[in-house]
Structure formats: C-alpha cells, structure tokens
Amino acid sequence: LSVLTERDVLNRSESDSESLTLLCCLQSLYPFVLKMAELVHIPHAQKENWTSFDRLIRAWVLLRAQSEKNADIFMHRMGWGVKEPETLESIAKAKGLTRARVRQIEVKLRLSLRHPNSIKELYPLWIVIDSFLQESGGICYVGELGEALQRYYRWKEKPTSSGLKNLLDYCPAEILIKNNFKENGEFIYSKSFVCSDCAEVS
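Everything quoted here is computed from the prediction, not taken from an experiment. All chains use their own residue numbering, which begins from 1 and follows the written sequence. Only residues with pLDDT of at least 70 are given local features in this predicted model, and only at 80 or more are side-chain atom pairs given and counted; all residues enter the totals for whole chains, interfaces and linings. Side-chain numbers here rest on the full set of heavy atoms in the structure, without hydrogens or water.

Looking now at the overall build of the protein chain. In terms of regular secondary structure, the protein chain is built from twelve helices and two strands. Secondary structure of the protein chain in N-to-C order comes out as α-α-α-α-α-α-α-α-α-β-α-α-α-β. The 202 residues of the protein chain split such that 35% are buried. Across the protein chain, every contact between residues at least 6 apart in sequence was considered, and the portion connecting residues at least 24 apart equals 53%. Calculation of accessible area relied on Shrake-Rupley with a 1.4 Å probe; when residues are assessed, cover is drawn exclusively from the protein chains displayed. Here the protein chain displays about 12,800 Å² of accessible surface, and carbon together with sulfur accounts for 53% of that area. The numbering of helices and of strands both runs from the N terminus, where a helix is a DSSP run of H or I of at least 4 residues and a strand a run of E of at least 2. Throughout this description, buried means an accessible area under 20% of the type-specific maximum (1.4 Å probe, protein chains only), exposed means over 50%, and partly exposed covers the range between. It only takes one pair of heavy atoms within 4.5 Å for two residues to be counted as in contact.

Now for helix 9 (residues 123-135). Spanning 13 residues, helix 9 covers 19 Å between terminal C-alpha atoms, matching the ideal 18 Å at 1.5 Å per step. Turning to helix 9, its buried residues number three or more, namely Pro124, Leu125, Trp126, Val128, Ile129, Phe132 and Leu133. Tucked inside the fold, the buried residues of helix 9 contact helix 4 (53-62), helix 8 (116-120), strand 1 (139-141), helix 10 (142-153), helix 11 (161-168) and strand 2 (187-189). Of the residues trailing helix 9, Gly137 is marked for its positive phi of about 80 degrees. What a helix should span is 1.5 Å times the count of its residues minus one.

Looking at the secondary structure, you find Arg101 in helix 7 (residues 99-113). With relative accessibility at 34%, the residue Arg101 sits in the partly exposed group. When the C-alpha positions of Arg101 and Leu88 are compared, they lie 9.3 Å apart, and in sequence the two are 13 residues distant. Polar contact is defined as a pair of N or O atoms within 3.5 Å, subject to the rule that within protein one atom must be able to donate a hydrogen and the other to accept it, and that residues adjacent in sequence are counted only when both atoms are side-chain atoms. Reaching out from Arg101, the side chain makes a polar contact with the side chain of Gln104 at a distance of 2.6 Å.

Turning our eyes to something else, we now look at the side chain of Ser190. The topology assignment puts Ser190 in the segment after strand 2. Ser190 sits in the buried class, given a relative accessible area of 1%. Within the local environment of Ser190, its side chain forms a polar contact with the side chain of Gln134, the two groups lying 3.0 Å apart.

Next up on the list: the pattern of salt bridges. By convention in these notes, a salt bridge is any Lys or Arg side-chain nitrogen within 4 Å of a carboxyl oxygen on Asp or Glu. Following the criterion strictly, the structure yields ten salt bridges and no others. Glu106 serves as the salt-bridge partner of Arg103, at 3.2 Å between the closest nitrogen and oxygen. One end of the pair is Arg103 and the other is Glu106, both in helix 7 and three residues apart, which spans about a single turn. Accessibility expressed as a relative area gives 40% for Arg103, which makes it partly exposed. Between Glu106 and Arg110 there is a salt bridge whose closest N-O contact spans 3.1 Å. Taken as a pair, Glu106 and Arg110 lie in helix 7 at a separation of four residues, close to a single helical turn. Judged by its relative accessible area of 3%, Glu106 falls in the buried class. The exposure class assigned to Arg110 is partly exposed, which follows from its relative accessible area of 24%.

This part is about the state of the cysteines. A pair of cysteine sulfur atoms is labelled a disulfide when the two atoms are within 2.5 Å. By the definition in use, this model includes zero disulfides. No disulfide involves Cys24; its sulfur sits 7.0 Å from that of Cys25, the nearest cysteine. Its relative accessible area of 47% is what places Cys24 among the partly exposed residues.

Bringing the nonpolar core into the picture now. Remark: nonpolar core denotes a set of buried residues (Ala, Val, Leu, Ile, Met, Phe, Trp, Tyr, Cys) joined through side-chain atoms within 4.5 Å. Of all hydrophobic cores here, the largest spans 43 residues; its most connected members are Val61, Trp80, Leu125, Trp126, Leu145, Leu149 and Leu167. When residues of this core are traced back to their parent elements, those giving at least two are helix 4, helix 5 (68-78), helix 6 (88-95), helix 7, helix 9, helix 10 and helix 11. With six residues, the top contributor of residues to this core is helix 9. When sequence neighbours within four positions are dropped, the list of residues in contact with Val61 reads Ala71, Phe74, Met75, Trp80, Leu109 and Leu113.

What follows deals with the environment of Leu145. By the element assignment, Leu145 lies in helix 10. Assessed through its relative accessible area of 1%, Leu145 is described here as buried. The spatial distance from the C-alpha of Leu145 to the C-alpha of Ile129 is 7.4 Å, given a sequence separation of 16 residues. Residue contacts for Leu145: discarding those within four places in its chain leaves Ile129, Phe132, Cys140, Leu164, Leu168 and Ile188.

What follows is the structure, encoded as structure tokens:
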C-alpha cells in the first residue's frame, strides 16, 4: 500500500469519481501504513533471504544454530528444504552421528527458536498468516495457507505442508489455536475463530 501511486489507482479504476474516493481513502490510511511498515521492519540484509520459503527459514534457523551443520540437521528434521521431515535414524546415518546427538541438536534448537526474540524475527510472516486467516473466516487448510504465502511473497514454489505445519508450531499463541491444530493437522484455526453453525468443527 505504501508504494501504490496515484497513477496505479487511476489505471486500475474505471470511474473518475471512484478513483478520487479511493485516493482520499489511501491518503487517510498513509500514516497508518508508515507506522505498520516501521513495526514490521525487516533489515535490508535479511530481505534477500525472503525470496523463498526455504531461504527464509534457513536464515531464521542460522541466526540460532551454532553451525551450518546443526542448521542442516534441524531443517531436515523439520522438513524444511526437503520434501518430508527425516527420521533421527536417517539423519544420523547421513551425517555420521548418533541418534542421541541428532536429538540433542534438535531439542536445543527447538528451545532457542521458541525464544520470544526469535519468534519476533518472523513477525512480518505471522502478520501475513493472521491476515489470511481472517480473510478465510478464521479457518483454512494448510495447503491453502501455503498457496496464499506463495502468492503474497511471489515464491516460485509453495511451502510443503509438512514444513509449513512444523513452522506453525512456532507461530505466536495469539494468532493460532494450537491444540486444535495438533488434533487435526489439515486445518489451521485462527485464535478468534468461532464456528457459527456448531460448537465443534470435525
């Protein structure tokens, strides 16, 4: 919205009166847009890493991992950068480690990534997810969310369902209902979701 020009509005709109009304609305929203942009500011160096889901996640994990090797192990375990999450056994065999060591790396990184400062680093992503959930009435399929993120960020590939599910485990509690998500992994529920037809969605 902050980069939308008057010419863009005029080119998109069929009627002059509609264009004028829309321009007035945009003008009144502009101070709020600037404030929002300030709140979700991504440092320039980090923006390069948001060109794909895998790059975004890798950059995020690397900020907390002690080495690239540990980051790779954790990403393979979570299904990030690969088609499906890998087992402790397969990772241990590929990296020449024990299962216990792989588990130790996973547990340590999980704890580190759950730190509030770490979760805040993905704040712009959480806002996009929350916005899409609100547009969808508070509930959507994991695949739908993956497609929405792909469209919004213009990624060439959409996130895998398993990788996206594992990422949503780190989503702030004020956005998602975590318990329902774990019980039925195909659906994602907004924290504000209320079914108007029934007490429980099945």
